[in-house]
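# Coordinates in review
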Amino acid sequence: MSQIIDMLLKVLGAGYQPYQGHIEPDAYTRLTCQNPERSRWFARELQFICLGCSRACAVVNPSGFQLVLPVSARKRAKSCFANLPLVSADQLLRTKLLLRVDEAAFVLNISEREIRNYVDEGKLTAHPDAPLRVTADSVRLCLRGRAA
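Below is a short write-up of the structure. (Residues numbered from 1 in each chain as written. Predicted model: local features only at pLDDT ≥ 70, side-chain atom pairs only at ≥ 80, totals over all residues. Heavy atoms only, no water.)

### Digging into the overall build of the protein
Note the following rule: Each helix corresponds to a stretch of at least 4 residues labelled H or I by DSSP, and each strand to a stretch of at least 2 residues labelled E; elements are numbered beginning at the N terminus. Only protein chains enter the accessibility calculation, which uses a 1.4 Å probe; a residue whose area is less than 20% of its type maximum is buried, one above 50% is exposed, and one in between is partly exposed. Any pair of residues with heavy atoms lying within 4.5 Å of one another is described as a contacting pair. Values of accessible area rely on a 1.4 Å probe in the Shrake-Rupley scheme; residue burial ignores everything except the protein chains shown.
Each helix and strand counted, the protein has 7 helices and 6 strands in total. Reading the protein from its N terminus to its C terminus gives the helix and strand order α-β-α-β-β-β-α-α-β-α-α-β-α. Within the span of the protein, comprising 148 residues, buried residues form 36% of the whole. A fraction of 49% describes how many contacts in the protein between residues 6 or more apart in sequence connect residues 24 or more apart. Only carbon and sulfur atoms are counted for the fraction: they give 54% of the accessible area of the protein, which is about 9400 Å².

### What to know about the sheet that holds strand S3 (residues 47-50)
How we decide: Each pair of strands is called paired provided DSSP finds at least two bridges between the two strands.
Pairing in this open sheet of 4 strands is antiparallel, and the strands run S1-S2-S3-S4 from one edge to the other. For this open sheet the edge positions go to strand S1 (17-18) and strand S4 (58-60), each flanked by a neighbour on one side alone. In this sheet, S3 lies alongside strand S2 (residues 41-44) in antiparallel orientation, the contact comprising 4 bridges. Paired with Arg 44 across the two strands is Gln 47, which belongs to S3.

### Thoughts on the pattern of salt bridges
Two side chains carrying opposite charge are able to pair once their charged atoms lie near each other. The following threshold applies: Put simply, a salt bridge is a Lys or Arg side-chain nitrogen that is within 4 Å of an Asp or Glu carboxyl oxygen.
Counted under the stated rule, the structure contains 7 salt bridges. For Asp 102, the salt bridge is made with Arg 100, and the minimal N-O distance between the two is 3.1 Å. What makes Asp 102 partly exposed here is its relative accessible area of 24%. Two residues, Lys 123 and Glu 121, come together in a salt bridge whose shortest N-O distance is 3.4 Å. When its relative accessible area of 51% is taken as the criterion, Glu 121 is described as exposed. It is possible to trace a salt-bridge network through shared partners that takes in Lys 96, Arg 100, Asp 102 and Glu 103.

### Quick word on the nonpolar core
As a reminder of what qualifies: In this description, a nonpolar core means a group of buried Ala, Val, Leu, Ile, Met, Phe, Trp, Tyr and Cys residues linked to one another through side-chain atoms lying within 4.5 Å.
Ranked by internal contacts, the top residues of the largest apolar core, which has 21 residues, are Leu 92, Leu 99, Leu 108, Ile 115, Leu 124 and Val 139. At the level of elements, helix H4 (89-95), helix H5 (101-108), helix H6 (112-121) and helix H7 (136-147) are the ones that each hand at least two residues to this core. At 5 residues, H5 tops the list of elements feeding residues into this core. When sequence neighbours within four positions are dropped, the list of residues in contact with Leu 124 reads Leu 108, Ile 115, Tyr 118, Val 119, Val 134, Ser 138, Val 139 and Cys 142. Of all hydrophobic cores here, the second largest spans 13 residues; its members include Ile 23, Leu 31, Phe 48 and Val 59.

### Some thoughts on unusual backbone geometry
In this chain, Ala 130 is followed by Pro 131 through a cis amide linkage whose omega measures -5 degrees. One non-glycine residue, Asn 61, lies in positive phi territory at about 50 degrees. With respect to the element layout, Asn 61 can be found in the loop between S4 and helix H3 (73-78).

Have a look at this one:
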């Protein structure tokens, strides 16, 4: 038991935070994980460590792991275990074809309401199916248009 606690303290001391995102089942298949229900993932940027068993799997930029937006400093102060791994706007645009409204707002540094207005005005292209998703290409074009 003390070995697990030592490992947890080492991981937290290295700046890892509990991972709150979704993991696709095929990611566990690639890791040859025997007990995915026991997994306990911690993340720092795009580096992940699982402390669910003695194998302590570590992966970098794995496929099947949901990208998670950073948490503001104010929210971070409330609970040290509520922190999420940081993902840059560039990483979101490089790795995703469709962005959620909150992700697009993060990339463009505007409110979610403004994202919805941009979609209504035709400045951003949305996927036709619900829930509302915005194409990464239209967000890139919007960024270029704002820089000009």
